[in-house]
Amino acid sequence: MSILVYTENWDGKFKKLSYELISYANEMAKQINTEVTAISIGKVEDTELKSLGKYGASKVVTVNSDKLTMLENQPFAKVLAQVAQKEGAAIVLFAHNNTGKAVAPRVSVKLKAGLVAGVIEAPSNYNPFTVKKKAFTGKAFANVVVKSDIRVLTLAQNSFGIIEDPKEVNIEPYDANLDAAEFKTERSEINKVAGKILLNDAEIVVSGGRGMKSADNWAPIEELAEVLGGATACSRPVADEEWRPHAEHVGQTGKIIAPNLYIALGISGAIQHLGGVSSSKVIVAINTDKDAPIFEAADYGIIGDVHKILPELISAVKAARAE
């Protein structure tokens, strides 16, 4: 019995969320006296694969196929289910991001496994298997009991942390048994954004709401994001008013993000917005309304006019960076 972790890579490199998944799996492995096996799909150099061992993986199954150069849910789910069965995995772990939400349910069906999405802690019990997750858009918690022999979990980002526990890594190639007919999507061209931090990848996000009053007032937000090395975002009303592109809309009906730092400027914090940013490690809010819901979720809050505070904040960050 082992724990299988799907570790995503971006252009052959792993990011923080993959290391957090391995750390989480390693904690479970210690509790049930088993090992962590990672699976990597796509072309990744051995040195990068071995980096997973720093956080507790003792084995990496690598699937390097020309057919699997871009995410397609059904073939990926089939490969992951095959490897899970081969490894005798009792727990299969994904990140709670767009990929995990698309692939994990398909894997659970193929393995006839119970699925718990968005877990935030290591299981409190293994017999019966009981794990904690957020419910009602982060307003409550649920302890979910899974009675199936195999469990599929997606881990909410920034909920566990990264813990080093170095192990020797055995890299094992796997030849996926896939038919060309299983691939339904064709890629005609690739257009990548250059010179800009993508919102889903950003460790720091600076976001504006209706309190910014106009699209003409967005320059300071962009400046703060640039100084901090982060990305810009906005609430749904801002996107609906076309002050900012819909690609920057974060919330329950927009993008779900989990940066290390989320700065909310002039955002009241409706439950739909908080549903998309509640996994942020630290939330800082600036708003004139002391009763704004955003302050209930914020780790730090400033009550005041964002248009007066923002220039002072930019100056302070620049001064701190210059030291």
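Residues numbered from 1 in each chain as written. Predicted model: local features only at pLDDT ≥ 70, side-chain atom pairs only at ≥ 80, totals over all residues. Heavy atoms only, no water.

Trainee: Any chance you could explain helix α4 (residues 98-111) here in plain terms?
Mentor: Residues three or four positions apart in an α-helix share a direction because the helix packs 3.6 residues into each turn. Between its terminal C-alpha atoms α4 stretches 21 Å, which fits the 20 Å expected from 14 residues at 1.5 Å a residue. For α4, the full list of buried residues reads T99, G100, A102, V103, A104, V107, S108 and L111. For α4, the secondary structure elements touched by its buried residues are β1 (2-6), α3 (73-87), β4 (89-95), β5 (114-119) and β9 (151-155). Of the residues one or two after α4, K112 is the one with positive phi, at around 55 degrees. (Helix = DSSP H or I, 4+ residues; strand = E, 2+ residues; numbered from the N terminus. Expected span 1.5 Å × (residues − 1). Buried < 20%, exposed > 50% of the residue type's maximum accessible area, 1.4 Å probe, protein only. Contact = heavy atoms within 4.5 Å.)

Trainee: Can you help me understand the environment of H249 in this one?
Mentor: When you line up the elements, H249 lands in the loop between α6 (236-240) and β13 (261-265). You can call H249 buried: its relative accessible area is 8%. Here the alpha-carbon distance between H249 and F160, two residues 89 residues apart in the chain, equals 26 Å. Beyond its immediate stretch of four places on either side in the chain, H249 contacts C234, S235, R236, A239, G254 and K255.

Trainee: How should the packing of aromatic side chains be read in this particular structure?
Mentor: Aromatic rings in a pair are described by how distant their centres are and how their planes are angled relative to each other. A complete count under the given rule lists 6 aromatic pairs for this structure. With 4.6 Å between their ring centres and 35 degrees between their planes, Y19 and Y55 make a pair best called tilted. With Y19 in helix α1 (residues 16-32) and Y55 in the loop between α2 (46-50) and β3 (57-63), the pair connects residues that are 36 residues apart, well separated along the chain. Ring pairs connect the aromatic residues F14, Y19 and Y55, which therefore count as one cluster. Lying over the aromatic face of F141, K132 brings its terminal NZ or CZ to 4.5 Å of the ring centre. (Phe/Tyr/Trp six-rings, centres within 6.5 Å; stacked < 30°, edge-to-face > 60°. Lys NZ or Arg CZ within 6 Å of the ring centre and 35° of its normal.)

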